[in-house]
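Summary of structural features
As a plain string of letters, each chain reads:
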Amino acid sequence: MEGNTTRIRTHESNEQTTEDTHEETTDETERVCPECGGRLVNDAEHGETTCAECGLVVKEDEIDHGPEWRAFDSAERDRKKRTGAPTTKLMHDKGLSSQIGWQNKDAYGNALSSRKRQQMSRLRTWDERFRTRNSKERNLKQALAEIERMGSALGVPEDVRKTASVIYRRALSEDLLPGRSIEGVTTAALYAAIRQMGLPRSVEEVGAVSRVDEMEFKRAYRYINQELSLEVGPPAPDQYLPRFASDLNVNDETEGRARELIQTVMEEGAHSGKSPVGLAGAALYAAGILTNNRLTQDEVSEVVGVSTVTIRNRYQELLEVEGKRQQAEQREYTETEAAV
């Protein structure tokens, strides 16, 4: 009897594996064009699925999951929609709780009496207290407001702020905050999100908008990076090039030459242990010399935010590595010609 049960279970397991494999194969088949094998894209406006390579219409008359009404301005859209705002990680309650408005008017737009205004003021106070019912919610509310403030000051997009809020929520849920300030951990979470998204923001720039000193922020960042296993790699120097080149108003030739210098240094491994911001500034300064678009060390230092000594030392190292690379290529070319 036990043998039959084992065979039945094995047969069911094999059937389930076959079904899962069939579903995965079907999904992979549906994502590619049956004619040319190209990538399929959804055209929500026309309700079609087409191939991005050959233009074949694979599916048509698809179901539109959007609203059945149309709106031509924001006021009409707000009047017609029957749902609330989407949930967001940028609010401690994800935007699911209600909030009493600040206008002291009734449903018809008439002003409230003084007694009703006092009553509404008390209701707002209690509503705010009920939205943050314990210390963790109050902590999270303060932290998310701090992330919003620093993100706005740095000009980072909303997805970076959402990533920072998720990192902070993880740190709060794993009880990593005791012994550390809320401002320090929020700054560390925002910097980790910036690094994960590959934005060109340096430690000094993030520390400048923080309410804690740079050393405390660095310690908090190293701690949450290790405890949460974020696996954030070191920033590449070429991430800062476009912004610095725009601020210095250099031409495309100089920027391209600077990118070549940084690529050479990264291939040789000479960038390890050096500030990526300083390398980016030094590469622009060295590229300006090589392309006859000279920049002064003072103006590069002011834009990049490092000392002129750093610019001078890094640009000499860049030119030295570039010279060695050119000598090696010339030697290889000479040996190839001699062999031929």
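A quick note: this is a predicted structure, and the numbers were derived from the prediction, not measured. Each chain has its residues counted from 1, following the order in which its sequence is written. Since the coordinates come from a predicted model, pLDDT governs what is reported: local features require at least 70, and pairs of side-chain atoms require 80 or more to be given and counted, while whole-chain, interface and lining totals use all residues. Here the side-chain values reflect all heavy atoms present in the structure, with hydrogen atoms and water set aside.

Side note on the environment of Ile 147
As a reminder, the rule being used: Strands here mean DSSP runs of E at least two residues long; helices mean DSSP runs of H or I at least four residues long; both are numbered from the N terminus. Whether two residues are in contact is decided by their heavy atoms, any of which lying within 4.5 Å being enough.
By secondary structure assignment, the location of Ile 147 is in helix H4 (residues 135-154). Taking the C-alpha atoms as reference points, Ile 147 and Ser 210, separated by 63 residues in sequence, lie 9.6 Å from one another. When neighbours within four sequence positions are excluded, Ile 147 is seen to be in contact with Arg 161, Ala 164, Ser 165, Tyr 168, Thr 186 and Leu 190.

Re the packing of H4 against helix H5 (residues 158-173)
We count it as follows: Convention adopted: a line fitted to C-alpha atoms gives each axis, helices being fitted over their contacting stretch, and angles between N-to-C directions are expressed from 0 to 180 degrees. Any angle that is under 35 degrees is reported as roughly parallel, and any over 145 degrees as roughly antiparallel; angles of 65 to 115 degrees are reported as roughly perpendicular and all others as oblique. Handedness of each helix crossing follows the sense of rotation of the near helix against the far helix: counterclockwise by less than a right angle gives left-handed, clockwise gives right-handed. We call Asp, Glu, Lys and Arg charged. Ala, Val, Leu, Ile, Met, Phe, Trp, Tyr, Cys and Pro are nonpolar, and the rest, Gly among them, are polar.
Interaxial distance between H4 and H5 falls to 10 Å at its minimum, and their mutual angle equals 150 degrees. On the basis of the axis angle, H4 is roughly antiparallel to H5. Read as a crossing pair, H4 and H5 show a hand that is right-handed. Counted together, Lys 136, Asn 139, Leu 140, Ala 143, Leu 144, Ile 147, Glu 148, Gly 151 and Ser 152 of H4 and Arg 161, Ala 164, Ser 165, Tyr 168, Arg 169 and Leu 172 of H5 form the full contact between these two elements. Class assignment for the residues of the contact of H4 with H5 results in 7 nonpolar, 4 polar and 4 charged.

What to know about the packing of helix H9 (residues 241-248) against helix H10 (residues 252-268)
The contact between H9 and H10 brings their axes to 11 Å, and the two run at 145 degrees. For the crossing formed where H9 meets H10, the hand is right-handed. In contact with Leu 241, Pro 242 and Ala 245 of H9, H10 contributes Glu 255, Ala 258, Arg 259 and Ile 262.

A few points about the packing of aromatic side chains
Definition in use: Note on ring pairs: Phe, Tyr and Trp rings are taken, using the six-membered ring of Trp, and paired if centres are within 6.5 Å. Classes follow the plane angle, with under 30 degrees stacked, over 60 edge-to-face and the rest tilted. Residue exposure (1.4 Å probe, protein chains only): buried if accessible area is under 20% of the type maximum, exposed if over 50%, otherwise partly exposed. Two thresholds decide whether a charge sits over a ring: the Lys NZ or Arg CZ must be within 6 Å of the ring centre and within 35 degrees of the ring normal.
Under the defined criterion, the tally for this structure stands at 4 aromatic pairs. Judged by centre distance (4.9 Å) and plane angle (85 degrees), the rings of Tyr 285 and Tyr 315 are edge-to-face. In this pair, Tyr 285 sits in helix H11 (residues 276-290) while Tyr 315 sits in helix H13 (residues 308-339), placing the two residues 30 residues apart along the sequence. As far as burial versus exposure is concerned, Tyr 285 and Tyr 315 are alike and both buried. One residue, Arg 180, lies across the ring of Tyr 223, its end atom 3.6 Å from the ring centre.

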